[in-house]
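Understanding the architecture of this molecule
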Amino acid sequence: ARAGALLAWAALARGDRIGSIVFSDQQQKDIRPRRSHHSVLMLTETLLRFNHALGTDYHPEQTFSLCDALEQARRTLKPGSELFVIGDFQQFDEACQRHLFQLSRHNDIVCICVYDRLEKELPPPGYYNISDGRNRTKIDLFDRELRSTYQAAFTHRMEQLQTNLDQLK
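Residues numbered from 1 in each chain as written. Predicted model: local features only at pLDDT ≥ 70, side-chain atom pairs only at ≥ 80, totals over all residues. Heavy atoms only, no water.

Structural notes on the overall build of the protein chain
- Regarding its fold elements, the protein chain presents six helices and six strands.
- Taken from the N to the C terminus, the helices and strands of the protein chain come in the order α-β-β-α-α-β-α-β-α-β-β-α.
- Principal-axis analysis of the C-alpha atoms gives the protein chain an extent of 55 × 35 × 35 Å.
- Considering only contacts within the protein chain whose residues lie at least 6 apart along the sequence, 62% involve residues at least 24 apart.
- Accessible surface, the protein chain as shown: approximately 11,900 Å² in total, 51% of it carbon and sulfur.
- Here the protein chain contributes 22 positive and 22 negative side-chain charges, whose respective centroids are spaced 7 Å apart. (Helix = DSSP H or I, 4+ residues; strand = E, 2+ residues; numbered from the N terminus. Contact = heavy atoms within 4.5 Å. Areas by Shrake-Rupley, 256 points an atom, 1.4 Å probe, with all protein chains shown as cover. Lys, Arg positive; Asp, Glu negative; His and termini not counted. Charge placed at Lys NZ, Arg CZ, Asp CG, Glu CD.)

A short note on the pairing of strand S4 (residues 108-113)
- As paired strands, strand S3 (residues 82-87) and S4 are joined by six bridges and run parallel to one another. Considered in S4, the bridge of isoleucine 86 is made with isoleucine 112.
- After leaving S3, the chain enters helix H4 (residues 94-104) and then returns to the sheet as S4, a path that is right-handed. (Pairing = 2+ DSSP bridges. Right-handed = clockwise from strand over helix to strand, strands pointing away.)

Describing the side chain of asparagine 107
- Along the polypeptide, asparagine 107 turns up in the loop between H4 and S4.
- Here the side chain of asparagine 107 touches glycine 80 through a polar contact of 3.3 Å, landing on its backbone nitrogen.
- Not counting residues up to four positions away in its chain, the partners in contact with asparagine 107 are Leu77, Lys78, Pro79, Gly80 and Ser81. (Polar contact = N/O pair within 3.5 Å; in protein donor to acceptor, adjacent residues only side chain to side chain.)

Re the side chain of glutamine 97
- Within the secondary structure, glutamine 97 sits in helix H4.
- For glutamine 97, a relative accessible area of 15% corresponds to the buried category.
- In this structure glutamine 97 touches Phe92, Asn164, Gln167 and Leu168, once residues within four positions along its chain are discounted. (Buried < 20%, exposed > 50% of the residue type's maximum accessible area, 1.4 Å probe, protein only.)

Some details on the packing of helix H1 (residues 2-13) against helix H2 (residues 37-53)
- Taken N-terminus to C-terminus, the directions of H1 and H2 make an angle of 175 degrees; their axes are 10 Å apart at the nearest point. The angle between H1 and H2 falls in the class roughly antiparallel. Here Gly4, Ala5, Ala8, Trp9 and Leu12 of H1 lie close against H2, whose contacting residues are His37, Val40, Leu41, Leu43, Thr44 and Leu47.
- Per-class residue counts for the contact of H1 with H2 are eight nonpolar, three polar and no charged. (Axes fitted to C-alpha atoms, helices over the stretch in contact; angles between N-to-C directions. Parallel < 35°, antiparallel > 145°, perpendicular 65-115°, else oblique. Nonpolar A, V, L, I, M, F, W, Y, C, P; charged D, E, K, R; others polar.)

Here's the deal with unusual backbone geometry
- Here the phi dihedral of phenylalanine 89 falls at roughly 55 degrees; this positive angle occurs in a residue that is not glycine.
- Mapped onto the elements, phenylalanine 89 comes out in the loop between S3 and H4.

Structure follows, in structure tokens:
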């Protein structure tokens, strides 16, 4: 959210129009491109609202994905635009890559991958109680093999994402 807000204010300072597709798996909000403080404030408010909705126990009838947002960007983005894709890229697949490739043919694209520090590295060795909000269990993080496998999986995912995104150049 912070990166998106900073980029929007910087774009407005350059005299660019700001529009966005903000989405989560539960909702989506489109902000039509405009060159105004109001547009940036609307984006910031939307990002804040979506952040506060994270982790809620809501199961909508319709879900949204990165692929859906990129497909919509392909339909609405004008050639010559700058596109910033900010997210965790957990849903990045071949369809997403195809949409990004098509978008990159006529637009400048910057992808910013954000992740929680716990996704990259487990906390210090110890026993931890974890919960998904409904179930609770205890995990043993003294296991060196588990720690190594966990970190290797994250590194592999980041390298694979980088390889896929490098193909867009």
